[in-house]
Amino acid sequence: MTKNEFAVIGRPLPKVDAWAKVVGETKYADDLFLPRMAYAKLLRSAHAHARIRSIDTSRARALPGVVAVVTADDLPRVKFGILPVSQDEEALCADKVRMVGDPVAAVAAVDEETAEQACRLIEVDYEPLPALMSIFDSLAHPEVMIHEYGDGPNVHKNVALQFGDVEAALEGADLVREDVFFFEGNNHLPMEQHAAVAHWARDGKLTLWSSTQTPHYVHRVLAKVLDTPAAHIRVIATPVGGGFGGKTDPFAHEIVACQLSKLTGRPVKIALTREEVFYTHRGRHPVLMWIRTGFTREGDITGCHLRTWLDGGAYGSYGVASTFYTGVINPVTYKIPVYKFEGARIFTNKPPCGPKRGHGTVQPRFALECQLDKAAEQLGLDPADMRRRIVAEPFTKTANHLTVTTIGLGECIDKVVEASGWRDKRARFGVSARQAPRRSPKKRGLGIACSAYLTGAGTAIYWNDMPHSGVIVRADRSGGVAVLCGATDIGQGSDSILAYLTAEVLGIEPKDVHVHPADTSLTPVDLGSYSSRVTLMCGMAAIQAAERLRDAIFKAVARKLEVSPAALVARERKVGVPDDWDKAVPFARAVELGEALHGVLAFPGSYAPPKRAGKYKGGGVGPSPCYSYSACVVELTVDEDTGTVELENVWIGHDIGRALNPLLVEGQVEGSVYMGIGEALMEEQVFRKNLHKHPSMLDYKSPTTLETPDIHTILVETDDPEGPFGAKEAGQGPLLPVIPAIANAIHHALGIRIDEVPITPDKILKALDLKRAGKPARVGPERLPLFTFKEPLVVESAFGQPAEAVVSRPFASDDKR
Amino acid sequence: MIRLPAFTYLAPTTVDGAARLMAEHGREAMLVAGGTDLYPNMKRRQFEPKVLVGLRGIPELRGIRGSAAGGFTIGAGTTLSAVAAHRDILRDFPALATAAGLVSSPQLRNMGTIGGNVCVDTRCNYYNQSYEWRKAIGFCMKKDGDICLVAPGSSRCWAVSSSDTAPVLWALGAKLRLVGAEGERTVPMAALYQDDGIDYLAKRPDEIVADLQLPPAEGWRSAYLKLRRRGSFDFPVLGVAVAARLEDDVVRDARIVLGAVASQPRPSEKAAAALVGQRVSPELIAHVADLAAGPAKPLDNTDFSHPYRKKVTRVFVARALAAVCGLGDSGVTSEEVA
Amino acid sequence: MKVRVALNVNGEFREALVPVHKTLLEVLREDLELTGTKHGCELGECGTCTVLVDGEPVLSCLALPIETAGRRITTVEGMAEGGQLHPLQQAFAELGAAQCGYCTPGILLTATALLARRPSPTRKDVKEALAGNLCRCTGYTKILDAVELAALRMGRQEART
Ligand SMILES: Cc1cc2nc3c(=O)[nH]c(=O)nc-3n(C[C@H](O)[C@H](O)[C@H](O)COP(=O)(O)OP(=O)(O)OC[C@H]3O[C@@H](n4cnc5c(N)ncnc54)[C@H](O)[C@@H]3O)c2cc1C
Ligand code: SF4
Ligand code: FES
Ligand code: FES
């Protein structure tokens, strides 16, 4: 199919929810006000690690205006967590707090001020325990156990996988590089602070409106923790004011609001402050990395061995998956014949890390891409040409058994090289080039990096055989079509994608489609807005449902027009035979005919990814229906007297499979680039004296318009057989190459290596000082933890094996209906 | 939502009236102009005044009057946006327009006043935190506690003077008129401050900064450079204000004042003196920059590491001097952002 | 201390009896049911709560109703005139400048003030005017494009009338 065959797909249409957003009508969670609503606040721990001896709430209870005060004693003693293997969180801590910010009690009152005052009147008697604030601390003190479970004292997860004989491959290499990198943690910083409203009505049924990316998982957790049948709980995800992975876990504040509503018989709102968002966290893991890679003279990779240490914070969250993700995605980009990965996630007394845009893959991408740059330099190769040469082969398997379908990376590289004027500028800028004769402290540089990312995790968070995404499409006699889907629009435009795809299949306008998202009582399950899965999975389910509806309508119209259903097409809000279009039936009439023939027209669509998990333990993390690819060139100026970096241009080529709406794709790419810039240059979640150093929007630095360069997005279409109309993801992948491209451009400008993110001006000056002193001009981590990884699970490398798309996809055919 | 504590709000219409109200309510009361410094602090419970005396409704505090020859008088209630955009200020006192235009963000400049800016509370990243945070780490002596968390042995507070306009006004030789319940006085900028993180203002609480008086501009040139992470929002972690009077390329008069290196703006008299009578040259500038940066002793209580701030002080002084002396060719702009 | 404040919001005269320490942000959202005004920090650090007072962008989280009494307050709900969207609203919707939409009201109002002051701004002007509004979704690109598009259209409209 070529582009112009589509009526809706590929057009730069406004999002369906854009109109409400620009007039301020969209109701986010904190915009909900219900009659008699009470306001809740959490009292949070002031200690990083302590035993709770006792809690005295009497003074809080006595404060006028307080309607309820709860502690762990007022909740069932059930732990929860997003992953079945890490059920380690409590809505309110019972015996022990594990970080500053852990919730220990909650108050509901007639207004927020009173609730806050009451929290200050609660007295908690703590017995402080030693606080472990880094990977090194936690490993050095096995006697201080943050949790009682895991793969060792303070070790949440320890994994080791080996695919082929890496040692032999490195021995045969012309160049072996061993490098160490560190990636500091950072926060999602969504503009909207988390909020939720709970209403436990008198009929015994609970409704929770929450700013969440995963209503289905919240639904399951509420049932478990509140000891209430899931059938009596309804979770509605309100439009999310920015998520980026930060609203993907079930949270204490959601559970507590529900319980307070139950106890008070009133709706209860809870809205976090910005500081509390930093404690809720689930942001980027700080990761220390060691990477050893062998290269041939021509720049081919002979093998790679990666070790990662993740600073997990105080709870499990998605950490087991995060750990795997630091290892499993790198091989998707380049030809890496043999591969070994060892990773460990360590508990510390800090807010828990989790999935932030690019989940777990951003850090090792930084390591690999910087190392490639160093290798290219040593081998005398152009870093763009070298990457171009080693791009993985489409429709093959990687060393670690991942199936890769289409790959547009080569074209992405070509396009950004071309658009950026790479060849000319690489020669003109940089330390080695003779810059302007007059001494200017401003040095220019150009750097490149690439990446790949999954389009939806191939496995669900809890093991099951059901669809990952479901859609119900219902046609109305008016000609309108309702789409019910559990997907959550977090700004990425999932509501719009559902409307576009349905409209495309049915030949109507997106405006005719009414999307009803994310309501566990009404909508089929979608697992959530994470892992870039929504466009592909909900999209495929929507197409299936819409096609079933279309088939039913065609059958009825065919009877009426006395033609074969196969002769019919649906377009321009009509159904008819193309050659006899005058007789085409208006869509609303077609629906009536259909309803007369079949009864109510409501059809389900279901999607589950192809079952391709590698047949080894741990093979479940990494598989995806298809992978997106990105290449990025950054042009910048560094002031060598102040270390200040000024970004000038970012060119980013992104293999999107197909742009269902180029405007939305560009928006996702631009947003990813922006977030990458923040992480590369300024954002960091750091701690001092056991406390978050700067839990505020002023001191946690997020780039403004003035730090954001011109972003040039180039979309490459590969029409992937796995995606809806060939589409892949755009929401996360394009963040990845930006960070190493910046690091590599700084090296080009000044001849220094900052092997640590964020790359701050003081690190740049430090490296320049080293350079002037004739020492290696590098700033980065100097030591690695003493840690024994597990004996690796040794599996044969599947590298280069041919792989087909869609071997078996559950629910794909109509047979079972 | 983080909210304000309760207070009573009084809205006098004259400066005298405001001063009287301040005297009447004593320690319970605070002045508020734009509120852009005070309200965030109150929300974090750094201040919990029972009474606020609002200066917004006082017409005599607003506006800029005067001429290049006779000097300008800027009402303390003039917003920073108005100062930054004022045509005469832009022409005659570019450093002041620059500094006012670099304060925080456009919205805050529409609200914040220049009077509030010269009185802005000193800052420290152990102090500009919520009540709960400060309680968790253990209160420090600036509010609710009795030790210093940056310099534990210290008997004083080292919170940092973070005004953008104060060092510039000082370097420009501005004076301010203070109106108190017991009368008014006009003093040089230097007399407003003392080097203490808690009692950083050397005026009585009932004294109101009524206006700022700039001397005639005649032959003076000025520049202001600000170090901060982003081009918006961020307070200065270093401010360099330079004013000089040149005849041909010989410096006749010079003042260098550094912001955000101590609990008050810090003049570099020695460095300025080394300029006077000299012909400008890159060597002279380098020498003077060393002299000015030498005494700066930043502590680890703002953004950026303190060794870095120290290192950059020299660079910024040199660049500001080069700009003022017309040697501004080494990549200098008046809006230095790191 | 509760006070009766009389506010001119979006051309309507609204009265509320509120504690004097309640910010304009809180009163708009909680007393006047104008929840289009959002908040991301309540400390002046993000720009999300921007409203116009006498046409100037200010932060409602740091403003007291008592200080704005009698002045013209415009919130996002007041941008459209009659059934007609403001050209900025139209351009933001068309170009995908609102992703999650949470920063959108504040940015729209800030841009309104810019275009009133400077009808054909350069890209640099737009960047500087919006430097006090954080957006975490868009990388600002589409926002800047939309402001430029609106300026262009408003200019054309002007030329026609
Ligand atoms: C996010 C953010 C970023 C900021 N960034 C900067 C920055 O980069 N640079 C900078 O300099 N400031 C910055 N500020 C602080 C503040 O916005 C400005 O300093 C502003 O000029 C303060 O003026 P105001 O009128 O709002 O002061 P207010 O908050 O009203 O008052 C500040 C203090 O001065 C006193 N005061 C006010 N007026 C008078 C008067 N006439 N006489 C005597 N005392 C008076 C008050 O009692 C109070 O103690 C920032 C603030 C925020 C919230
Ligand atoms: S310098 Fe010391 S006493 Fe002063 S605010 Fe900072 S920590 Fe507190
Ligand atoms: S809410 Fe962030 S500036 Fe007002
Ligand atoms: S659109 Fe989401 S913060 Fe701007």
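Please refer to the structure higher up on the page.
Rules and cut-offs
- Residues numbered from 1 in each chain as written.
- Chains lettered and ligands numbered in written order.
- Predicted model: local features only at pLDDT ≥ 70, side-chain atom pairs only at ≥ 80, totals over all residues.
- Heavy atoms only, no water.
- Contact = heavy atoms within 4.5 Å.
- Buried area = accessible area lost by both parts, 1.4 Å probe.
- Salt bridge = Lys/Arg side-chain N within 4 Å of Asp/Glu carboxyl O.
- Polar contact = N/O pair within 3.5 Å; in protein donor to acceptor, adjacent residues only side chain to side chain.
- Helix = DSSP H or I, 4+ residues; strand = E, 2+ residues; numbered from the N terminus.
- Nonpolar A, V, L, I, M, F, W, Y, C, P; charged D, E, K, R; others polar.
- Buried < 20%, exposed > 50% of the residue type's maximum accessible area, 1.4 Å probe, protein only.
- Axes fitted to C-alpha atoms, helices over the stretch in contact; angles between N-to-C directions.
- Parallel < 35°, antiparallel > 145°, perpendicular 65-115°, else oblique.
- Left-handed = near helix turned anticlockwise from the far one by under 90°.
- Near = heavy atom within 4 Å.

Enquirer: Mind showing me how you'd approach the interface of chain A and chain B here?
Expert: Many structure descriptions define interface size as the accessible area lost when the parts assemble. Listed by partner, the interface residues are 40 residues for chain A and 39 residues for chain B. Taking both sides of the interface into account, the surface hidden between chain A and chain B amounts to around 3,300 Å²; carbon and sulfur atoms contribute 50%. The closest approach of N and O atoms between B:Asp234 and A:Lys701, which form a salt bridge, is 3.1 Å. Between chain A and chain B we count 18 residue pairs in polar contact (both at pLDDT 80 or more) in total. Put simply, the parts of the chain that give the side of chain A that touches chain B at least two residues each are α3 (112–121), α8 (274–280), β29 (691–692) and α19 (761–772) of chain A. Broken down by element, the residue count for the side of chain A that touches chain B peaks at 5 residues, all from α19(A). Class assignment for the residues of the side of chain A that touches chain B results in 14 nonpolar, 8 polar and 18 charged.

Enquirer: What am I meant to see in the interface of chain A and chain C here?
Expert: Contact with chain A, which involves 51 residues of that partner, is made by 44 residues of chain C. Both sides together, the interface formed by chain A and chain C hides about 3,900 Å², and carbon and sulfur atoms give 57% of it. Among the residues chain A hides against chain C, the three largest losses belong to A:Val22, A:Met191 and A:Thr705. Together they make up 19% of the total. Connecting chain A to chain C are 6 salt bridges. Residues A:Asp31 and C:Arg29 are paired through a salt bridge, measuring 2.8 Å at the closest nitrogen-oxygen approach. Counting the contacts that link chain A with chain C gives 30 residue pairs in polar contact (both at pLDDT 80 or more). Broken down by secondary-structure element, the contributors of at least two residues to the side of chain A that touches chain C are α1 (18–22), α17 (662–681) and β30 (710–716) of chain A. When residues of the side of chain A that touches chain C are assigned to their parent elements, the largest contribution, 8 residues, is made by α17(A). The class makeup of the residues in the side of chain A that touches chain C is 22 nonpolar, 16 polar and 13 charged.

Enquirer: Quick question: what am I supposed to make of the pattern of salt bridges here?
Expert: Close approach of charged atoms allows side chains of opposite charge to pair. Evaluation of the coordinates by the stated rule reveals 96 salt bridges over all chains. Between A:Arg387 and A:Glu369 there is a salt bridge; the shortest N-O distance is 2.7 Å. Taken together, the positions of A:Arg387 in helix α11 (residues 383–390) and A:Glu369 in helix α10 (residues 362–379) put the pair 18 residues apart, joining distant regions of the chain. Given a relative accessible area of 1%, A:Arg387 falls into the buried group. On the basis of relative accessibility, which here comes to 0%, the residue A:Glu369 falls in the buried class. Residues participating in the shared-partner salt-bridge network are A:Lys41, A:Arg44, A:Glu112, A:Glu276, B:Arg3, C:Lys22, C:Glu26, C:Glu30 and C:Asp31.

Enquirer: I keep staring at the packing of α10(A) against helix α18 (residues 738–750) of chain A and nothing clicks. Help me out?
Expert: Packed helix pairs are specified by the crossing angle of their axes together with the interaxial distance, meaning the distance between the axes. Residues and elements named next belong to chain A. Following both chains from N to C, one finds α10 and α18 inclined at 30°, their axes separated by 8 Å at the closest point. The orientation of α10 relative to α18 falls into the category roughly parallel. The chirality of how α10 crosses α18 is right-handed. Contact with α10, carried on its side by Val362, Arg365, Phe366, Glu369, Cys370, Asp373 and Glu377, involves Ile739, Pro740, Ala743, Asn744 and His747 of α18 and no other residues of that element. Among the residues making up the contact of α10 with α18, the classes are represented as 6 nonpolar, 2 polar and 4 charged.

Enquirer: Can you walk me through the site of ligand 2 in this structure?
Expert: Every residue close to ligand 2 is listed here: B:Cys124, B:Tyr126, B:Tyr127, B:Cys140, B:Met141, B:Lys142, B:Cys148, B:Leu149, B:Val150, B:Cys157, B:Trp158 and B:Ala159. In terms of residue class, the shell around ligand 2 is made up of 11 nonpolar, no polar and 1 charged.

Enquirer: Just to check I follow, could you spell out helix α3 (residues 87–95) of chain C for this structure?
Expert: Spacing of three or four residues puts side chains on the same side of an α-helix, whose turn is 3.6 residues. Among all positions in α3(C), only C:Leu88, C:Gln89, C:Ala91, C:Phe92 and C:Ala93 are buried. Looking one or two residues past α3(C), C:Gly96 carries a phi angle of roughly 70°, positive in sign.

No statement about biological role is implied by the geometric values presented.
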